[in-house]
Structure formats: structure tokens, C-alpha cells
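Close look at the chain arrangement
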Amino acid sequence: MQNPKTSTVQTVFRIILGAFMIWAAIGHLTLQRQEFQAQVPDWIPLGKDLVVILSGIVEFLLGFGMVFLAKHKVKIGIALAIFYVLIFPGNIAQYVNGTDAFGLDTDQKRLIRLFFQPVLIAWALWSTGALKVLFSKKG
């Protein structure tokens, strides 16, 4: 897979997103575990705490990769975008069930949050150069 050169702005945004993921992972694994459990849909056949811990580990690994593994940035960007797609049902469940967490204490706030998931997906793909690779004719 190609690893195209990215701009300084893209690199800065890649590192910011990676740092955000590491910060979120720390929350998953420590003080915010209960709040993250509020986002785990009831239909997931695993314990909510286990899902939070496992997703926290994945978030940490992806965040670490975004910050420190620039040589693999396209693969990591695609993996992070897929991760954001996979956790989106949790955001939907939080909205549908009216679950309060992270200051999202109204249906309006929970609905608005849903629109940020595509932004995160685009951010992961753009900042790593993965968009360029995915949409190139050579792919």
C-alpha cells in the first residue's frame, strides 16, 4: 500500500487525532469506564465493561500508531476509520435509549454528536493520506 507524502497540516492533525485517541483510551481504562459503558448497545453479546476495556486497548494502539508510526499511517488511518464505523452503533444506541453520558444529557445533544462521527472518519483518512490512496486509480 502506498504511503503518500502528507502536508505539515495533515501531519499536525494526524498527531492531534492520535493524541485524542490515546486520551480517550486512558478514559476507557480508568475513570470514565462507567460513562463509556453507557454507549455499549445492549445487543452486544459481551459484558459492557469488557467491551469498554477492549475498545480502550484498540483506541490506545490506534492512537499510538497515529502519533508514532508515520511509516504505516495509511493503514492505521484506514483502521481508525473502520473503528469509528464499528463504534457508531454505540453512539446511535446512546441516542435511541436516551442515555446520559459525557454531558450528553438531552436528545438534541446526543443527536448532534451523531453528525461528528463522519467528521472523525474523514479526519482519520485525510490526515494520514489514506483518502488519496483510496481514491487513486492505482489504489
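Our subject is the structure that appears above.
Structure report, in brief. (Residues numbered from 1 in each chain as written. Predicted model: local features only at pLDDT ≥ 70, side-chain atom pairs only at ≥ 80, totals over all residues. Heavy atoms only, no water.)

Overview of the pattern of salt bridges
Here the idea is simple: oppositely charged side chains can pair when their charged atoms come close. Counted by the stated rule, this structure contains 5 salt bridges. Measuring nitrogen to oxygen at the nearest pair gives 2.9 Å for the salt bridge that ties D105 to K109. The exposure class assigned to K109 is partly exposed, which follows from its relative accessible area of 38%. Through salt bridges with shared partners, one network takes in D100, D107 and R110. (Salt bridge = Lys/Arg side-chain N within 4 Å of Asp/Glu carboxyl O. Buried < 20%, exposed > 50% of the residue type's maximum accessible area, 1.4 Å probe, protein only.)

Regarding the environment of Q32
Mapped onto the elements of the fold, Q32 is located in the loop between α1 (8-29) and α2 (33-37). Each residue touching Q32, except ones within four places of it in the same chain, is listed here: G27 and F102. (Helix = DSSP H or I, 4+ residues; strand = E, 2+ residues; numbered from the N terminus. Contact = heavy atoms within 4.5 Å.)

Topic: unusual backbone geometry
Look at F102: it is not a glycine, yet its phi comes out positive at around 60°. Among the residues examined, F102 registers a relative accessible area of 30% and is labelled partly exposed.

Section: the packing of aromatic side chains
Overall, the coordinates contain 6 aromatic pairs when judged by the stated rule. Centroid distance F13 to W123: 5.8 Å. Interplanar angle 65°. Geometry classified as edge-to-face. Placement of the pair is F13 in helix α1 and W123 in helix α6 (residues 116-127), with a sequence separation of 110 residues. Among the residues examined, F13 registers a relative accessible area of 35% and is labelled partly exposed. Taken together, a centroid distance of 4.9 Å and an interplanar angle of 45° make the contact between F64 and F68 tilted. Placement of both F64 and F68 in helix α3 (residues 48-68) is noted, with a separation of 4 residues, approximately one turn of the helix. Following the ring pairs from residue to residue traces out a cluster consisting of F13, W123 and W126. (Phe/Tyr/Trp six-rings, centres within 6.5 Å; stacked < 30°, edge-to-face > 60°.)

Concerning α1
A rise of 1.5 Å per residue sets the reference length of α1, with its 22 residues, at 32 Å; its end C-alpha atoms lie 32 Å apart and thus fit the reference within 8%. Within the span of α1, buried status applies to Q10, R14, L17, G18, M21, I22, A24, A25, G27 and H28. The inward-facing, buried residues of α1 contact α2, α3, α4 (73-97) and α6. (Expected span 1.5 Å × (residues − 1).)

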